[in-house]
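A structural walkthrough
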Amino acid sequence: MSKVTNVVSDLKKIIKIQEKIIKAKENEFQMVHKLFVHYLDLSIEGWHWYGQYWIKNKKLNKEIKELKGGADE
């Protein structure tokens, strides 16, 4: 009877350890996901800024070209 009780106790300890491991892994995946979303948002914001810069740069170059008398580049 004592062996059965010890086995059950050991199994309960193993289950608790496995649950802790699973919870830690879930937290790790959530943190990685949050970081991914954060850097994705920063990337989108950066490309948006770059697109605005590129459009304004093209407009400025066009205006400079017009001021020079329409000379080819």
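What comes next is a walk through the structure. (Residues numbered from 1 in each chain as written. Predicted model: local features only at pLDDT ≥ 70, side-chain atom pairs only at ≥ 80, totals over all residues. Heavy atoms only, no water.)

Turning next to the overall build of the chain. Of the regular secondary structure elements, the chain holds 1 helix and 0 strands. In terms of C-alpha radius of gyration, the chain reaches 31 Å, well past the compact-globule figure of 11 Å for 73 residues. Per-residue burial for the chain yields a buried fraction of 0% across its 73 residues. Of the accessible surface of the chain, which amounts to about 7500 Å², a share of 64% is contributed by carbon and sulfur atoms. (Helix = DSSP H or I, 4+ residues; strand = E, 2+ residues; numbered from the N terminus. Rg over C-alpha atoms; globule rule 2.2 N^0.38 Å. Buried < 20%, exposed > 50% of the residue type's maximum accessible area, 1.4 Å probe, protein only. Areas by Shrake-Rupley, 256 points an atom, 1.4 Å probe, with all protein chains shown as cover.)

Counting across every chain of the model gives 2 aromatic pairs. When the ring of Trp-47 is compared with that of Tyr-50, the centres are 5.7 Å apart and the planes differ by 85°; the resulting orientation is edge-to-face. Here the residue Trp-47 and the residue Tyr-50 both occupy positions in helix α1 (residues 2-67), the gap between them amounting to 3 residues, near one helical turn. With relative accessibility at 59%, the residue Trp-47 sits in the exposed group. (Phe/Tyr/Trp six-rings, centres within 6.5 Å; stacked < 30°, edge-to-face > 60°.)

Moving on to the pattern of salt bridges. It is possible for side chains of opposite charge to pair when their charged atoms get near one another. Counted according to the given criterion, the structure contains 1 salt bridge. One salt bridge in this structure joins Lys-25 and Glu-28, with 4.0 Å as the shortest N-O distance. Of this pair, Lys-25 and Glu-28 both sit in helix α1, 3 residues apart, which is roughly one turn of the helix. (Salt bridge = Lys/Arg side-chain N within 4 Å of Asp/Glu carboxyl O.)

So, on to α1. The first and last C-alpha atoms of α1 sit 97 Å apart over 66 residues, in line with the 98 Å expected at 1.5 Å per residue. One or two residues past the end of α1 sits Gly-69, with phi positive at roughly 100°. (Expected span 1.5 Å × (residues − 1).)

Quick look at a nonpolar patch on the surface now. Taken together, the side chains of Trp-47, Trp-49, Tyr-50, Tyr-53, Trp-54 and Ile-55 present a nonpolar region at the surface, about 790 Å² in accessible area. On the basis of relative accessibility, which here comes to 41%, the residue Tyr-50 falls in the partly exposed class. (Patch = residues over 30% accessible without salt bridge, like charges linked within 9 Å, V, L, I, M, F, W, Y side chains within 5 Å.)

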